Amino acid sequence: MSLSIASFGIYSVIAYAVAQRAKEMGIRMALGASPSDVLREILQAGALLGLAGLGVGLALSLVLTRFLTNLLFGVPPADPVTLASVSALVVVVVILATLAPAAAAARLDPAMTLRSE
(Lines give C-alpha, C1' and ligand atoms only; values in the text may rest on other atoms or scores of the structure.)
Protein backbone atom coordinates (compact mmCIF):
# COMPACT_ATOMS: atom_id res chain seq x y z
CA MET A 1 0.00 0.00 0.00
CA SER A 2 2.77 2.43 0.89
CA LEU A 3 4.60 1.63 -2.33
CA SER A 4 1.53 2.49 -4.41
CA ILE A 5 1.06 5.74 -2.49
CA ALA A 6 4.73 6.56 -3.04
CA SER A 7 4.50 5.83 -6.76
CA PHE A 8 1.41 8.03 -7.08
CA GLY A 9 3.22 10.81 -5.21
CA ILE A 10 6.28 10.55 -7.45
CA TYR A 11 4.08 10.55 -10.54
CA SER A 12 2.20 13.62 -9.29
CA VAL A 13 5.31 15.62 -8.48
CA ILE A 14 6.98 14.83 -11.80
CA ALA A 15 3.77 15.50 -13.77
CA TYR A 16 3.39 18.87 -12.03
CA ALA A 17 7.03 19.76 -12.76
CA VAL A 18 6.57 18.82 -16.42
CA ALA A 19 3.41 20.93 -16.65
CA GLN A 20 5.24 23.89 -15.12
CA ARG A 21 8.13 23.55 -17.56
CA ALA A 22 6.08 22.79 -20.70
CA LYS A 23 6.85 26.13 -22.29
CA GLU A 24 10.57 25.75 -21.63
CA MET A 25 10.55 22.28 -23.16
CA GLY A 26 8.59 23.59 -26.15
CA ILE A 27 11.22 26.26 -26.72
CA ARG A 28 14.02 23.69 -26.41
CA MET A 29 12.33 21.42 -28.92
CA ALA A 30 11.70 24.36 -31.27
CA LEU A 31 15.41 25.18 -31.10
CA GLY A 32 16.41 21.64 -32.02
CA ALA A 33 16.25 19.42 -28.96
CA SER A 34 15.00 15.96 -29.80
CA PRO A 35 12.18 14.25 -27.89
CA SER A 36 14.74 11.79 -26.53
CA ASP A 37 16.68 14.70 -25.00
CA VAL A 38 13.55 15.89 -23.19
CA LEU A 39 12.70 12.34 -22.13
CA ARG A 40 16.21 11.80 -20.75
CA GLU A 41 16.14 15.11 -18.85
CA ILE A 42 12.85 14.30 -17.13
CA LEU A 43 13.97 10.76 -16.31
CA GLN A 44 17.21 12.08 -14.83
CA ALA A 45 15.33 14.57 -12.64
CA GLY A 46 13.00 11.83 -11.42
CA ALA A 47 15.86 9.43 -10.81
CA LEU A 48 17.74 12.06 -8.82
CA LEU A 49 14.73 12.68 -6.59
CA GLY A 50 14.17 8.95 -6.20
CA LEU A 51 17.77 8.24 -5.30
CA ALA A 52 17.79 11.07 -2.77
CA GLY A 53 14.65 9.66 -1.16
CA LEU A 54 16.08 6.16 -1.25
CA GLY A 55 19.28 7.33 0.44
CA VAL A 56 17.38 9.09 3.21
CA GLY A 57 15.09 6.09 3.63
CA LEU A 58 17.97 3.63 3.86
CA ALA A 59 19.81 5.81 6.35
CA LEU A 60 16.72 6.16 8.53
CA SER A 61 15.95 2.45 8.31
CA LEU A 62 19.45 1.57 9.49
CA VAL A 63 19.19 4.05 12.37
CA LEU A 64 15.71 2.95 13.44
CA THR A 65 16.28 -0.81 13.25
CA ARG A 66 17.05 -1.03 16.94
CA PHE A 67 13.44 -0.06 17.68
CA LEU A 68 12.11 -2.81 15.38
CA THR A 69 14.19 -5.75 16.59
CA ASN A 70 11.33 -7.00 18.79
CA LEU A 71 8.99 -7.11 15.77
CA LEU A 72 11.31 -9.01 13.42
CA PHE A 73 11.32 -12.80 13.58
CA GLY A 74 13.90 -14.78 11.63
CA VAL A 75 15.30 -11.73 9.83
CA PRO A 76 18.20 -9.66 11.09
CA PRO A 77 17.41 -5.94 11.43
CA ALA A 78 19.91 -4.85 8.75
CA ASP A 79 19.50 -7.76 6.33
CA PRO A 80 21.46 -6.79 3.19
CA VAL A 81 19.35 -8.98 0.88
CA THR A 82 16.13 -7.34 2.07
CA LEU A 83 17.57 -3.84 1.84
CA ALA A 84 18.94 -4.48 -1.65
CA SER A 85 15.73 -6.02 -2.97
CA VAL A 86 13.54 -3.26 -1.55
CA SER A 87 15.94 -0.65 -2.94
CA ALA A 88 15.79 -2.26 -6.38
CA LEU A 89 11.99 -2.33 -6.21
CA VAL A 90 11.88 1.35 -5.27
CA VAL A 91 14.19 2.24 -8.17
CA VAL A 92 11.91 0.37 -10.60
CA VAL A 93 8.84 2.13 -9.18
CA VAL A 94 10.53 5.54 -9.50
CA ILE A 95 11.44 4.86 -13.13
CA LEU A 96 7.93 3.65 -13.97
CA ALA A 97 6.28 6.58 -12.19
CA THR A 98 8.55 9.05 -14.00
CA LEU A 99 8.17 7.44 -17.40
CA ALA A 100 4.58 8.56 -18.08
CA PRO A 101 5.14 12.31 -17.49
CA ALA A 102 8.46 12.11 -19.35
CA ALA A 103 6.80 10.48 -22.35
CA ALA A 104 4.10 13.15 -22.31
CA ALA A 105 6.79 15.84 -22.30
CA ALA A 106 8.57 14.18 -25.20
CA ARG A 107 5.33 14.25 -27.23
CA LEU A 108 4.84 18.00 -26.78
CA ASP A 109 4.27 19.90 -30.00
CA PRO A 110 6.58 22.94 -29.86
CA ALA A 111 4.27 25.11 -31.96
CA MET A 112 1.20 24.35 -29.82
CA THR A 113 3.19 24.87 -26.64
CA LEU A 114 4.45 28.26 -27.73
CA ARG A 115 1.02 29.35 -28.98
CA SER A 116 -0.78 28.32 -25.81
CA GLU A 117 -0.05 31.55 -23.97
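Residues numbered from 1 in each chain as written. Predicted model: local features only at pLDDT ≥ 70, side-chain atom pairs only at ≥ 80, totals over all residues. Heavy atoms only, no water.

1. Focus: the packing of helix α1 (residues 2–20) against helix α4 (residues 80–106)
No. 1: Where α1 meets α4, the closest approach of the two axes is 9 Å, and the angle between their N-to-C directions is 30°. When the axis of α1 is compared with that of α4, the two are roughly parallel. Here α1 runs over α4; the crossing is right-handed. Here Leu3, Ser7, Ile10, Tyr11, Ile14, Ala15 and Val18 of α1 lie close against α4, whose contacting residues are Leu89, Val90, Val93, Val94, Ala97, Thr98, Ala100, Pro101 and Ala105.
No. 2: Broken down by class, the residue content of the contact of α1 with α4 amounts to 14 nonpolar, 2 polar and no charged. (Axes fitted to C-alpha atoms, helices over the stretch in contact; angles between N-to-C directions. Helix = DSSP H or I, 4+ residues; strand = E, 2+ residues; numbered from the N terminus. Parallel < 35°, antiparallel > 145°, perpendicular 65-115°, else oblique. Left-handed = near helix turned anticlockwise from the far one by under 90°. Contact = heavy atoms within 4.5 Å. Nonpolar A, V, L, I, M, F, W, Y, C, P; charged D, E, K, R; others polar.)

2. Here's the deal with the packing of helix α3 (residues 35–68) against α4
No. 1: Two elements in contact, α3 and α4, have axes separated by 8 Å at closest approach and are oriented at 150°. Accordingly, the angle class assigned to the pair α3 and α4 is roughly antiparallel. Helix-helix and strand crossings are classified by hand; for α3 and α4 the assignment is right-handed.

3. What to know about the side chain of Thr98
No. 1: Assignment of secondary structure puts Thr98 in helix α4.
No. 2: A polar contact of 2.7 Å, which involves the side chain of Thr98, links it to the backbone oxygen of Val94.
No. 3: When near neighbours in sequence (up to four residues on either side) are disregarded, Thr98 contacts Ile10, Ile14, Ile42, Leu43 and Gly46. (Polar contact = N/O pair within 3.5 Å; in protein donor to acceptor, adjacent residues only side chain to side chain.)

4. Details of a nonpolar patch on the surface
No. 1: A surface patch of nonpolar side chains, about 830 Å² in accessible area, is lined by Val56, Leu60, Val63, Leu64, Phe67, Leu68, Leu71, Leu72 and Val75.
No. 2: Take Val56: it is sitting in helix α3. (Patch = residues over 30% accessible without salt bridge, like charges linked within 9 Å, V, L, I, M, F, W, Y side chains within 5 Å. Areas by Shrake-Rupley, 256 points an atom, 1.4 Å probe, with all protein chains shown as cover. Salt bridge = Lys/Arg side-chain N within 4 Å of Asp/Glu carboxyl O.)

5. Remarks on the pattern of salt bridges
No. 1: The tally for this structure, following the rule as stated, stands at 5 salt bridges.
No. 2: One salt bridge connects Arg21 with Glu24, and the closest N-O pair in it is separated by 3.0 Å.
No. 3: Since its relative accessible area comes to 31%, Glu24 is described here as partly exposed.
No. 4: Here Arg21 makes a salt bridge to Glu41, at a shortest N to O gap of 2.4 Å. Pair noted here: Arg21 is in the loop between α1 and α2 (22–30) and Glu41 is in helix α3, with a separation of 20 residues, a long-range link. (Buried < 20%, exposed > 50% of the residue type's maximum accessible area, 1.4 Å probe, protein only.)

6. Comments concerning the environment of Gly53
No. 1: Relative to the assigned elements, Gly53 resides in helix α3.
No. 2: Using a relative accessible area of 42% as the deciding quantity, one classes Gly53 as partly exposed.
No. 3: C-alpha of Gly53 to C-alpha of Val90: the two residues are 37 residues apart in sequence and 9.7 Å apart in space.

7. Some points on α3
No. 1: If you check α3, its first and last C-alpha atoms are 47 Å apart, about what 34 residues at 1.5 Å a residue would give, namely 50 Å.
No. 2: Roughly 35° is the biggest bend found in α3, and it falls at Leu62.
No. 3: Looking only at α3, the buried set comprises Val38, Ile42, Gly46, Gly50, Leu54 and Thr65.
No. 4: Buried residues in α3 make contact with α1, α2 and α4. (Expected span 1.5 Å × (residues − 1). Bend = angle between axes of the 7 residues up to and from the residue.)

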